[in-house]
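For reference, the chains in residue letters:
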Amino acid sequence: MALGRRRQNHSGLACHLVRKFLSLFGYRNYETNDNSRNNALVAIITSGEGWHNNHHAELQSAALVEIDLTYLILRVLVLLGLA
């Protein structure tokens, strides 16, 4: 039980660090009401989560602008009827 909680805390911390890093470093394809940015290095490491500004502007825009592995995997799962 403690290991699961620790893993969950580390996952939450990792998400927070990615969001914080992306609010400081990167570029913006879209003007949004927040400070979200895109960062290719983070996108490669996290399978597409680095396209943060795209996700904030339009949910499917990352698939249209940059390669978003998470989006592509989800689309395949939908086509297979698994999602």
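These remarks concern the structure in this document. (Residues numbered from 1 in each chain as written. Predicted model: local features only at pLDDT ≥ 70, side-chain atom pairs only at ≥ 80, totals over all residues. Heavy atoms only, no water.)

## Digging into the side chain of Asn-38
Along the chain, the position of Asn-38 falls in the loop between helix 1 (2-24) and helix 2 (40-45). In this structure Asn-38 comes out as buried when scored by relative accessible area, which is 0%. Other than its neighbours up to four places away in sequence, Asn-38 contacts Leu-22, Phe-25, Gly-26, Tyr-27, Asn-29, Gly-50, Trp-51, His-52, Asn-53, Asn-54 and Glu-66. (Helix = DSSP H or I, 4+ residues; strand = E, 2+ residues; numbered from the N terminus. Buried < 20%, exposed > 50% of the residue type's maximum accessible area, 1.4 Å probe, protein only. Contact = heavy atoms within 4.5 Å.)

## Quick word on a nonpolar patch on the surface
Together, Ile-67, Leu-69, Leu-72 and Ile-73 line one region of the surface with nonpolar side chains, adding up to about 400 Å² of accessible area. Residue placement: Leu-72 occurs in helix 5 (residues 69-79). (Patch = residues over 30% accessible without salt bridge, like charges linked within 9 Å, V, L, I, M, F, W, Y side chains within 5 Å. Areas by Shrake-Rupley, 256 points an atom, 1.4 Å probe, with all protein chains shown as cover. Salt bridge = Lys/Arg side-chain N within 4 Å of Asp/Glu carboxyl O.)

## As for the environment of Glu-49
One can find Glu-49 in the loop between helix 2 and helix 3 (52-57). Since its relative accessible area comes to 36%, Glu-49 is described here as partly exposed. Setting aside anything within four residues of it in sequence, one finds Glu-49 in contact with Leu-22, Ala-43 and Thr-70.

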